[in-house]
Amino acid sequence: MSLEQFKNRNVGEQPYVLIESEHRPKSGMGRFQRVVNRTFKKELFTGLYVTMREMINTLFRGEMAAVKYPFEKLPISPRYRAIHDMLRLLESGHYRCIGCGLCEKICISNCIKMDTRYDENQRKEVTEYTINFGRCIFCGYCAEVCPELAIVHGGRYENASEQRASFSLFEDMLTPIDALKQQQEFDGFGAVTPNADNAIKKTPLAY
Amino acid sequence: MEIVNLAVLPEVTSAGVAIKAIIILAIISAVAGFGTFIERKVLAFMQRRLGPMHVGPYGLLQIAADGIKLFTKEDIVPQNANKLIFKIAPSITAATAFIALAAVPVFPDFTIPEWIPLLGGVFVPSIAADVNVGILFILGMMAAGLYGPLLAGMAQANKWGIIGSARTAVQFLSYEVVTGLSMLAPIMLVGSLSLVDFNNYQDGGFTSWMIWQQPVAFVLFLIAGFAETNRTPFDLLEHEAEIISGFATEYSGMRWGMFFIGEYANMITISVILAVVFMGGYNDLGFMAGWFIVVFKIAFFFFLMLWVRASWPHIRPDQLMWLSWKILMPVAVVNIVITGIVMMI
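Residues numbered from 1 in each chain as written. Chains lettered and ligands numbered in written order. Predicted model: local features only at pLDDT ≥ 70, side-chain atom pairs only at ≥ 80, totals over all residues.

As for the environment of Ala-169 of chain B
Step number 1: Residue placement: Ala-169 of chain B occurs in helix α7 (residues 159-190).
Step number 2: The sequence separation of Ala-169 of chain B and Gly-148 of chain B amounts to 21 residues, and the corresponding C-alpha distance is 11 Å. (Helix = DSSP H or I, 4+ residues; strand = E, 2+ residues; numbered from the N terminus.)

Printed below as a string of structure tokens:
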């Protein structure tokens, strides 16, 4: 096959065939009948019915689509990758991070910076840990690579700030010690949304 | 029947007429403002939204917020505009809309109870000015309202405004014909132009409503009323998708707001005419008092305009002309001829 037909830019001269999608009335009487048919085929009244049905569903059957956003929020999926959380061990309350540095190594946008030292028990201790959220692309590699489930993605997605490159310190992301009981375990990347049952719609098998 | 009525009716004093005028101005302009809120709410519910929610309970005070915004907004007059005409055009729309309401009977006659100080015992007529050409006066005033958008569009030195005013002339002039002709058949039946006589003609209960005798005229007047009030299927004057805002493109602040007070007052006028001429007016219906049922009817027609706006798309200007001159006007003429023949037989 040659490229000839693709190089031809004179689209108007090609032998296009007009496909008659509907029967076009020829006479004036035919056009009048089409008007009558369209008028009495209840198309207009179907439109009125649809909007009235939506209004009744909205007002009385709780199918309101609007969410008053700053006051109420939809639950987000556990897969969602928002601002990171640093988790603590439930037994001792000590932070889980062992200072292995894998997250710093794997970070493809070089936004994690950490410093560690050996403490008196020869354990690794995190002295500095910051994430530059001006650089972070929320890829989730750090959470995936972490052997201790110490760094996970939390649910804080409202991260507009005055400065784009705001650093987040280790203490900001760490679960507060008094909120240890409320610490949510990361469900894993395959987990479903909390309201998944409500969001499910029946799909006809004919699809 | 008219002679009996004249004998029974108390004397109409100027105080009564003044009270009625104040009622019309106060209630209708408040309702016209409230109509914007109702419209936004109804459209929102039909699109599964909430509508205005934050000013006052359920957004009820949104009109106050809108009013403050409109009143305090900078009043911009374009540089090349014809400034005098640009400034007076919105008041033409608002004034004609309210003048038309002067001849519209909304509530039945009533006498203010004696125990109310100052005004006790004053008889308030159902209509501020019961001119004997009532319906012609209303239709004529609404027709004169076309000068508002027409002059506004032509004075503002803006191409969208020019297109909007051209469409105003085209749309209002064609649909005047349909409103006039469709109203002619009920006028022939009643034999009077006064809306009070229209109301009294239908005092025999549900079956005496004009809509059962003149269903075609009702549908024609309903369609033409949508065009006269610039409501959605015929919303060509300020069709946002095509001509920005048409005649209102360059307007801001309260001048812009006056166009919309006029539009909503016209919607109320058309709703009242539909209720009084075709749907039994303010006659008592069974156990329901007339003043209650007429408010219900007017509210229904007002709601119908919003409902249609949520449901149906705009039509093109050529379709508008086609509908008016090739369908509605011949049907209206045939309706008049048939009505005349039936009346002669």
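From this point, the narrative continues.
A look at the interface of chain B and chain A
Step number 1: Facing 10 residues of chain B, the contacting portion of chain A comprises 15 residues.
Step number 2: Listed by contribution, the elements that provide at least two residues to the side of chain B that touches chain A are α2 (14-46) and α13 (290-311) of chain B.
Step number 3: Examining the composition of the side of chain B that touches chain A, we find that 3 residues originate from one element, α13 of chain B, more than from any other.
Step number 4: Here the side of chain B that touches chain A is built from residues that sort into 7 nonpolar, 1 polar and 2 charged. (Contact = placed C-beta atoms within 7 Å. Nonpolar A, V, L, I, M, F, W, Y, C, P; charged D, E, K, R; others polar.)

Notes on the confidence of the model for chain B
Residue and element names in this part refer to chain B.
Step number 1: Taken residue by residue, chain B gives an average pLDDT of 82. The fraction at 70 or more is 90%.
Step number 2: Element-level mean pLDDT values for chain B span from 46 in helix α1 (residues 2-8) up to 89 in helix α10 (residues 215-228).
Step number 3: Contacts from residues 1-7, a stretch scored under 50 in pLDDT, to residues over four places away or in other chains number 1 contact. (pLDDT = per-residue confidence, 0-100.)

Looking at helix α14 (residues 317-344) of chain B
Residue and element names in this part refer to chain B.
Step number 1: Helix length check: α14 (28 residues) gives 39 Å between terminal C-alpha atoms against 40 Å at 1.5 Å per residue, within 8%.
Step number 2: Here α14 has its buried residues at Leu-320, Leu-323, Ser-324, Leu-328, Met-329, Ala-332, Asn-335 and Thr-339.
Step number 3: Those residues of α14 that are buried are in contact with α7 and α10. (Expected span 1.5 Å × (residues − 1). Buried ≥ 20, exposed ≤ 12 C-beta atoms within 10 Å, placed from the backbone.)

Some details on the packing of helix α5 (residues 134-144) of chain B against α7 of chain B
Helix-helix packing: each pair is described by the crossing angle between the helix axes and the interaxial distance.
Residues and elements named next belong to chain B.
Step number 1: The geometry of α5 relative to α7 is characterised by a closest axis approach of 11 Å and an angle of 170° between their N-to-C directions. In this view, α5 runs roughly antiparallel relative to α7, as classed from their interaxial angle. The segment α5 lies against α7, with Ile-135, Leu-139 and Ala-143 engaging Phe-172, Glu-176, Thr-179, Gly-180, Met-183 and Ile-187.
Step number 2: The residue inventory of the contact of α5 with α7, partitioned by class, reads 6 nonpolar, 2 polar and 1 charged. (Axes fitted to C-alpha atoms, helices over the stretch in contact; angles between N-to-C directions. Parallel < 35°, antiparallel > 145°, perpendicular 65-115°, else oblique.)

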